[in-house]
Amino acid sequence: MARPPHAREKALDAYAEILRTDGERAATIDAVAARAGVSKGGVLYHFPSKEALAEALLERFNVVAETELEQMRTDPEGPARNYVRTSWETSEEEDPVYRAVLRLAQSSWQPAITAIEGIHKAWGDLVRDEVGDDAIADAIMLIGEGLYYHSAMPGVWTAGTFDHSIDDLLAVVDRLKASAR
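A brief report on the enclosed structure follows. Just so it is clear, the model here is predicted, and its values are computed rather than measured. (Residues numbered from 1 in each chain as written. Predicted model: local features only at pLDDT ≥ 70, side-chain atom pairs only at ≥ 80, totals over all residues. Heavy atoms only, no water.)

Turning to helix 2 (residues 29–36), a few remarks are in order. Burial in helix 2 covers these residues: Ile-29, Val-32, Ala-33 and Ala-36. Down the axis of helix 2, the sector holding all buried residues measures 100°, keeping them to one side. On the buried face of helix 2, the contacting elements are helix 1 (7–22), helix 3 (40–46) and helix 4 (50–74). Where helix 2 ends, the next residue or the one after it, Gly-37, has phi of about 75°, a positive value. (Buried < 20%, exposed > 50% of the residue type's maximum accessible area, 1.4 Å probe, protein only. Helix = DSSP H or I, 4+ residues; strand = E, 2+ residues; numbered from the N terminus. Arc of directions from axis to C-beta. Contact = heavy atoms within 4.5 Å.)

Here it is, written out as C-alpha cells:
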C-alpha cells in the first residue's frame, strides 16, 4: 500500500492547485494549509514564505520540463509531431505544474516568466532544428499552441471539434516538414 503524501508535497500540490484555480493572490500560506489539510506551521516548516513555495514549484517545473524535452528529443516520430500530439494530450502530472507556473508568470514573477520563456524556446528550438525553416517551425508551434489552448477550455465543443482532428493535423505537420526540405 502506498504511503500518503508528506506534508511538504501536499502543501506544494495545494499551492499549485490554488494558483491554477484562483490565482497568485489567493495562494496565501493559510489557504495552502487549508487546501492541503495540514497546519499552517506544517506548511511554514517546509516553506517559510510564499517565495519558498514558488521556488519549490519552479524546481518541480524544471524537472517536468526536462523530462518533456527528453521525450520530445527522442520521439521516433520527431519533435514536431511530438509537440503537436502532446499539446492536445496533457497529462495530470505535467500540465498542472505548467499552468501553475504560468499563473506565477502572469503575476509578473520574473523567475516564472524566465522558466516559461525557456521551455517555449527549447520546444521551438527542437522543432526548428528538425524542420530547418523558421516560418514552418513557427506554424507547427502555433498548431500546438492552438491545440493546447483548446484542450484547456471547459465544455464539450472543443473536445468534439478537435479530438478527431489530431491525425489530420499531424498529416499537416508532415506536409509542412516535407515542404521545408
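A word on the packing of helix 8 (residues 134–151) against helix 10 (residues 166–179). For the pair helix 8 and helix 10, interaxial distance at closest approach is 9 Å and the crossing angle is 170°. By the angle class used here, helix 8 and helix 10 are roughly antiparallel. Helix-helix and strand crossings are classified by hand; for helix 8 and helix 10 the assignment is left-handed. Contacts between helix 8 and helix 10 involve Ile-136, Ala-139, Ile-140, Ile-143 and Leu-147 from the first element and Ile-166, Leu-169, Val-172, Val-173, Leu-176, Lys-177 and Ser-179 from the second. For the contact of helix 8 with helix 10, a count of residues per class yields 10 nonpolar, one polar and one charged. (Axes fitted to C-alpha atoms, helices over the stretch in contact; angles between N-to-C directions. Parallel < 35°, antiparallel > 145°, perpendicular 65-115°, else oblique. Left-handed = near helix turned anticlockwise from the far one by under 90°. Nonpolar A, V, L, I, M, F, W, Y, C, P; charged D, E, K, R; others polar.)

Turning our eyes to something else, we now look at the pattern of salt bridges. A pair can form between side chains of opposite charge whenever their charged atoms are brought close. All chains considered together, the criterion is met by 18 salt bridges. Between Asp-134 and Arg-128 there is a salt bridge; the shortest N-O distance is 3.6 Å. Ionic contacts of the salt-bridge type, sharing partners, join the residues Asp-75, Glu-77, Arg-81, Arg-85 and Asp-174 into one network. (Salt bridge = Lys/Arg side-chain N within 4 Å of Asp/Glu carboxyl O.)

What follows deals with the packing of aromatic side chains. Aromatic ring pairs are described here by two measures, namely the spacing of the ring centres and the angle between the planes. For the structure shown, the criterion picks out four aromatic pairs. Judged by centre distance (5.6 Å) and plane angle (55°), the ring pair of Tyr-83 and Trp-123 falls under tilted. Taken together, the residues span a long stretch of sequence, with Tyr-83 in helix 5 (residues 79–88) and Trp-123 in helix 7 (residues 110–131) at a distance of 40 residues. As far as burial versus exposure is concerned, Tyr-83 and Trp-123 are alike and both buried. Between Tyr-98 and Trp-123, the ring centres sit 6.1 Å apart and the planes meet at 35°, which makes this aromatic pair tilted. Pair noted here: Tyr-98 is in helix 6 (residues 94–106) and Trp-123 is in helix 7, with a separation of 25 residues, a long-range link. Among the aromatic residues, those joined into a cluster by ring pairs are Phe-61, Tyr-83, Tyr-98, Trp-123 and Tyr-148. (Phe/Tyr/Trp six-rings, centres within 6.5 Å; stacked < 30°, edge-to-face > 60°.)

Let us now look at the packing of helix 1 against helix 4. Between helix 1 and helix 4, whose axes approach to 10 Å, the crossing angle comes to 90°. Considering the angle they form, helix 1 stands roughly perpendicular to helix 4. Contacts between helix 1 and helix 4 involve Arg-8, Glu-9, Ala-11, Leu-12, Asp-13, Tyr-15, Ala-16 and Leu-19 from the former and Lys-50, Leu-53, Ala-54, Ala-56, Leu-57 and Arg-60 from the latter. Grouping the constituent residues of the contact of helix 1 with helix 4 by class yields nine nonpolar, no polar and five charged.

Relative to the helices and strands, Asn-82 resides in helix 5. Other than its neighbours up to four places away in sequence, Asn-82 contacts Gln-71, Met-72 and Asp-75.

This paragraph deals with unusual backbone geometry. Peptide bonds are, in most cases, trans, and in most cases residues other than glycine have a negative phi. We note that Ser-108 has phi near 75°; this positive angle belongs to a residue other than glycine. By secondary structure assignment, the location of Ser-108 is in the loop between helix 6 and helix 7.

Next up on the list: the environment of Ile-140. Here Ile-140 lies in helix 8. Residues contacting Ile-140, with those up to four places away along its chain left out, are Ala-80, Tyr-83, Val-84, Val-127, Val-131, Val-173, Leu-176 and Lys-177.

What follows is about the nonpolar core. Within the largest apolar cluster, 54 residues are counted, with the highest numbers of intra-cluster contacts made by Tyr-15, Leu-57 and Phe-61. Taken together, the elements giving at least two residues each to this core come down to helix 1, helix 2, helix 4, helix 5, helix 6, helix 7, helix 8 and helix 10. When sequence neighbours within four positions are dropped, the list of residues in contact with Tyr-15 reads Ala-27, Val-32, Lys-50, Leu-53, Ala-54, Leu-57 and Leu-104. (Core = buried A, V, L, I, M, F, W, Y, C linked by side-chain atoms within 4.5 Å.)

The analysis is restricted to geometry; functional conclusions fall outside its scope.
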